[in-house]
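Here's the letter readout for the chains.
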Amino acid sequence: MHSFIEFFGDLFPILLVMLAGGLCSGFLAGLLGVGGGAILVPILYEAFSYIGVDKSHLMHMVLGTSFAVIGPTSFRSAQGHWKKKAMKIELISRLGPWVTGGAILGVVIAGHVQTKILIWIWILGSSLMALKMIIGNNDFRLGTEIPQG
């Protein structure tokens, strides 16, 4: 029993960071409409750095953990939308394989990219999202209709 308390004591700071990070992620995702991963990735990066994850694998571990959280969360969200009859099955069946394939391809590519490059990709993507939120121009859209074909 004594060793459990010592073990928990060593993990207490990281558990506290993860708890606070999860709360911040959920709150800000709901408030700002951004995905929770936008908040979790920097928190996981700092937490994994703190526990000593090798720098050459750090961003890979962070992104992998983020994806591992996003998968079940997305599934639960889809279940909620399904119960409310707020899903277009024909759209999901048409676009789902492409989205899934893109996600798998992204994971495979990320597995072969250096951590430094992944960090810069993350910084660029996050900066572009932040800029879009700051500018707040609703006229800027990639499209106005759901893709066909």
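Rules used in this analysis
- Residues numbered from 1 in each chain as written.
- Predicted model: local features only at pLDDT ≥ 70, side-chain atom pairs only at ≥ 80, totals over all residues.
- Heavy atoms only, no water.
- Helix = DSSP H or I, 4+ residues; strand = E, 2+ residues; numbered from the N terminus.
- Rg over C-alpha atoms; globule rule 2.2 N^0.38 Å.
- Buried < 20%, exposed > 50% of the residue type's maximum accessible area, 1.4 Å probe, protein only.
- Contact = heavy atoms within 4.5 Å.
- Areas by Shrake-Rupley, 256 points an atom, 1.4 Å probe, with all protein chains shown as cover.
- Lys, Arg positive; Asp, Glu negative; His and termini not counted.
- Charge placed at Lys NZ, Arg CZ, Asp CG, Glu CD.
- Core = buried A, V, L, I, M, F, W, Y, C linked by side-chain atoms within 4.5 Å.
- Expected span 1.5 Å × (residues − 1).
- pLDDT = per-residue confidence, 0-100.
- Patch = residues over 30% accessible without salt bridge, like charges linked within 9 Å, V, L, I, M, F, W, Y side chains within 5 Å.
- Salt bridge = Lys/Arg side-chain N within 4 Å of Asp/Glu carboxyl O.

Helix and strand counts for the chain stand at 5 helices and 0 strands. Along the chain, helices and strands appear, N-terminal first, in the series α-α-α-α-α. Taken over the C-alpha trace, the chain has a radius of gyration of 19 Å; the compact-globule value for 149 residues is 15 Å, which it surpasses by more than 25%. C-alpha atoms of the chain, sized along the principal axes, occupy 60 × 35 × 30 Å. Looking at the 149 residues of the chain, the share that counts as buried comes to 15%. For the chain, the share of sequence-separated contacts (at least 6 apart) that also reach a separation of at least 24 residues comes to 56%. Summed over its atoms, the accessible surface of the chain is roughly 11400 Å², and 72% of this surface lies on carbon and sulfur atoms. In the chain, which carries 10 positive and 7 negative side-chain charges, the distance between the mean positions of the two groups comes to 13 Å.

Formed by L40, V41, L44, F48, L58, M59, V62, L63, A110, V113 and L118, the largest nonpolar core amounts to 11 residues. Setting aside its immediate chain neighbours within four residues, L118 contacts M59, H60, L63, A110 and V113.

A separate point is helix 3 (residues 58-83). With 26 residues, helix 3 should cover 38 Å at 1.5 Å per step; its first-to-last C-alpha distance of 38 Å lies within 8% of that length. Turning to helix 3, its buried residues number three or more, namely L58, M59, V62, L63 and S66. Buried residues along helix 3 sit in contact with helix 2 (37-50) and helix 5 (115-135). Looking one or two residues beyond helix 3, the residue adopting positive phi is K85, at roughly 55°.

In this structure, K85 takes a positive phi of about 55° despite not being glycine. Position of K85 relative to the elements: it lies in the loop between helix 3 and helix 4 (89-110).

All right, on to the environment of S25 then. With respect to the helices, strands and loops of the structure, S25 is situated in helix 1 (residues 2-32). Dropping the residues within four chain positions of it, S25 is found in contact with G36, I39 and L40.

Once that is clear, we can look at the confidence of the model for the chain. Averaged over every residue, the pLDDT of the chain is 83; residues scoring 70 or more account for 93%. Averaged over each element, pLDDT in the chain is lowest for helix 1 (77) and highest for helix 4 (88).

Among the surface-exposed residues, F12, L16, L19 and L23 lie close enough to one another that they form a single nonpolar patch of about 420 Å² accessible area. Inspection of the secondary structure puts L23 in helix 1.

With that out of the way, let us pick up the environment of A110. Structurally, the position occupied by A110 is in helix 4. For the pair A110 and H60, spaced 50 residues apart in the sequence, the C-alpha separation amounts to 7.3 Å.

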